[in-house]
Amino acid sequence: MKFGQFDLSIIRESSFRLDGGAMFGVVPKTMWAKGSPADEYNRVLLSCNLLLIDTGDVRVLVETGMGDRWSEVERQRYDLKTLSGPAEILKDVGLGLEQIDFVIISHLHFDHAGGATRMVDGQLVPNFPLAKYIVQRGEWDFAFKANARARASYRPDDFVPLDESGQLQLVDGDCEITPGVWVRLTGGHTSHHQVVCFESNGEKGVYFADIMPTKSHLSPPWVMGYDHFPLASCDVKSEYLARAASENWLVVFDHEPGIPWGHVRVGEKGRFNFEPLGEDSLTFPSGKGKALAQVV
Ligand SMILES: [Zn+2]
């Protein structure tokens, strides 16, 4: 999709399911189940939506998804379905893995960093051989010292190889990655969680990552039970939503299984509403777009 001078593509890497109670924190099931129906195990459908930003000069991939290093037992636990590996995905937009210049990872949980590496002949290597991988320094440090509550979400195999190959680029707080693309520290989900803001020819957008994973999380207090700092998530959501609505930002949700991008409007009683783009916005220029339209 054209966005100013940029070209944006949503890449739906996988679908999976997580416990609905954990996804909506203190919100009662009687409220969240209307928008996100639960299966027999109380799990709700999610997907990993990566965002490819082609600025014309450089290509930035936001997030890497779950990747393919999962056992059958784990796949069943999360009902994980890999929809497209990175090589096939990029082929659809006429790119090779080596043509990605930057990979921004919002935080190092396995559903964001899992696709950062792959196993080749028994050795872990970065999936994008020439890319710089952008990670907040505080997130990197925390990943190695997470306590028992937080540890299960971090798998060192997802990110240690990035350091070993010299492709890791740690950043401290807000930072411009390339002209028109910024990472901004939000905290909330983890202490050093970051979102990605982008702007071209006056058009503005934000990839919320896990401070707002689906359109059902639009209301500021609807934050995840997974969040390390849920009150901070609520505050940062309020700030971003107000700006997104008043400046007509394109908003992108990382785990929305329906159409994952659109605009935010202020409705009755100051409530935020989501207005999705049309389904045609998900089709690649090549007309393929097979991984995108619907989750199976
Ligand atoms: Zn996530």
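Residues numbered from 1 in each chain as written. Predicted model: local features only at pLDDT ≥ 70, side-chain atom pairs only at ≥ 80, totals over all residues. Heavy atoms only, no water.

All right, on to the packing of aromatic side chains then. Inspection of the entire model under this criterion finds 15 aromatic pairs. For the pair tryptophan 70 and phenylalanine 110, a centre-to-centre distance of 5.2 Å together with 75° between the ring planes defines the contact as edge-to-face. A residue pair is termed long-range when its members are at least 10 positions apart, and tryptophan 70 in the loop between β4 (59–62) and α3 (72–77) and phenylalanine 110 in helix α5 (residues 110–113) qualify at 40 residues. The same class applies to tryptophan 70 as to phenylalanine 110, namely buried. Arranged with centres 5.6 Å apart and planes meeting at 90°, the rings of phenylalanine 144 and phenylalanine 159 form a pair that is edge-to-face. Of this pair, phenylalanine 144 sits in the loop between α6 (137–143) and α7 (148–151) while phenylalanine 159 sits in helix α8 (residues 156–164), and the two are 15 residues apart along the sequence. Three or more aromatic residues joined by ring pairs make a cluster, and in this case those are Phe208, Tyr240, Trp249, Phe253 and Phe274. Over the face of the ring belonging to tryptophan 70 we find arginine 155, whose NZ or CZ atom lies 4.0 Å from the ring centre. (Phe/Tyr/Trp six-rings, centres within 6.5 Å; stacked < 30°, edge-to-face > 60°. Helix = DSSP H or I, 4+ residues; strand = E, 2+ residues; numbered from the N terminus. Buried < 20%, exposed > 50% of the residue type's maximum accessible area, 1.4 Å probe, protein only. Lys NZ or Arg CZ within 6 Å of the ring centre and 35° of its normal.)

To continue, consider the pattern of salt bridges. Applying the stated criterion across every chain yields a total of twelve salt bridges. Two residues, arginine 59 and aspartate 54, come together in a salt bridge whose shortest N-O distance is 3.8 Å. Accessibility assignment for this pair places arginine 59 and aspartate 54 in one class, buried. Note that aspartate 79 is salt-bridged to lysine 81, the shortest N-O span being 3.5 Å. By relative accessible area, which is 22% here, aspartate 79 ends up partly exposed. For lysine 81, a relative accessible area of 35% translates into the label partly exposed. Beyond isolated ion pairs, a larger network of salt bridges with shared partners links Arg17, Asp39, Arg43, Asp79 and Lys81. (Salt bridge = Lys/Arg side-chain N within 4 Å of Asp/Glu carboxyl O.)

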